[in-house]
Amino acid sequence: MKKILMFGAALIALSACASEPPAPPPPAPPPQSSRPATPPPSESADACGANEAQRFVGRPRSEIPVPVLPNLQRVACTTCPVTMDFNARRLNFFYDAQTGIVKKVSCG
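Note that this is a predicted model, so its numbers are computed, not measured.

Chemist: How would you explain the pattern of salt bridges if you had to name every residue and give the values?
Modeler: Side-chain pairing between opposite charges can occur once the charged atoms of the two side chains come close. Throughout the structure, instances matching the rule amount to two salt bridges. Of the charged contacts, one joins Arg59 and Glu63 as a salt bridge, the two residues approaching to 3.1 Å between their closest N and O atoms. On the accessibility criterion, Arg59 (36% relative accessible area) is partly exposed. Judged by relative accessible area, Glu63 falls into the partly exposed class, the value being 37%. Between Arg90 and Asp85 there is a salt bridge, with the nearest N and O atoms lying 3.5 Å from each other. For Asp85, a relative accessible area of 43% corresponds to the partly exposed category.

Here it is, written out as structure tokens:
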């Protein structure tokens, strides 16, 4: 029993002399992207051709041309639900549901 106590005391004494492990290195900074951050969409950009399509405002929706790329054109009434995803290249025509007159043309 005495040998066990002496052995335990020796282990405690040795562990007190041991040095602490070195602190881990600080985390590396995240890699920098080579591409500049994409600026938020601005209304002055006319990526969808809304400036040219303003001529349809005040006209019947039946005059809106059939799109060549349907996924880049949306026709909806001003009170109709539409998706909120933004696509700067999509041309939106919004018309009054009762009269069928185009009220707004915009990108998005």
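Chemist: Please set out the nonpolar core residue by residue, giving values where relevant.
Modeler: Counting nine residues, the largest nonpolar core consists of Cys48, Ala50, Ala53, Phe56, Ile64, Leu91, Phe93, Val102 and Val105. Contributing elements (two or more residues each) for this core: helix H2 (50–53), strand S2 (91–95) and strand S3 (102–107). If we ignore the near neighbours within four places in the chain, the residues touching Cys48 are Ala88, Arg89, Arg90, Leu91, Ser106 and Cys107.

Chemist: Please set out the packing of aromatic side chains residue by residue, giving values where relevant.
Modeler: Under the defined criterion, the tally for this structure stands at one aromatic pair. Look at Phe56 and Phe93: their rings are 5.9 Å apart centre to centre, the planes differ by 80 degrees, and that puts the pair in the edge-to-face class. Taken together, the residues Phe56 in the loop between H2 and strand S1 (73–77) and Phe93 in strand S2 connect sequence positions 37 residues apart. The buried category is assigned to Phe56, whose relative accessible area is 7%. Taking the relative accessible area as the measure of exposure, Phe93 reaches 1% and is therefore buried.

About the cut-offs
- Residues numbered from 1 in each chain as written.
- Predicted model: local features only at pLDDT ≥ 70, side-chain atom pairs only at ≥ 80, totals over all residues.
- Heavy atoms only, no water.
- Salt bridge = Lys/Arg side-chain N within 4 Å of Asp/Glu carboxyl O.
- Buried < 20%, exposed > 50% of the residue type's maximum accessible area, 1.4 Å probe, protein only.
- Core = buried A, V, L, I, M, F, W, Y, C linked by side-chain atoms within 4.5 Å.
- Helix = DSSP H or I, 4+ residues; strand = E, 2+ residues; numbered from the N terminus.
- Contact = heavy atoms within 4.5 Å.
- Phe/Tyr/Trp six-rings, centres within 6.5 Å; stacked < 30°, edge-to-face > 60°.

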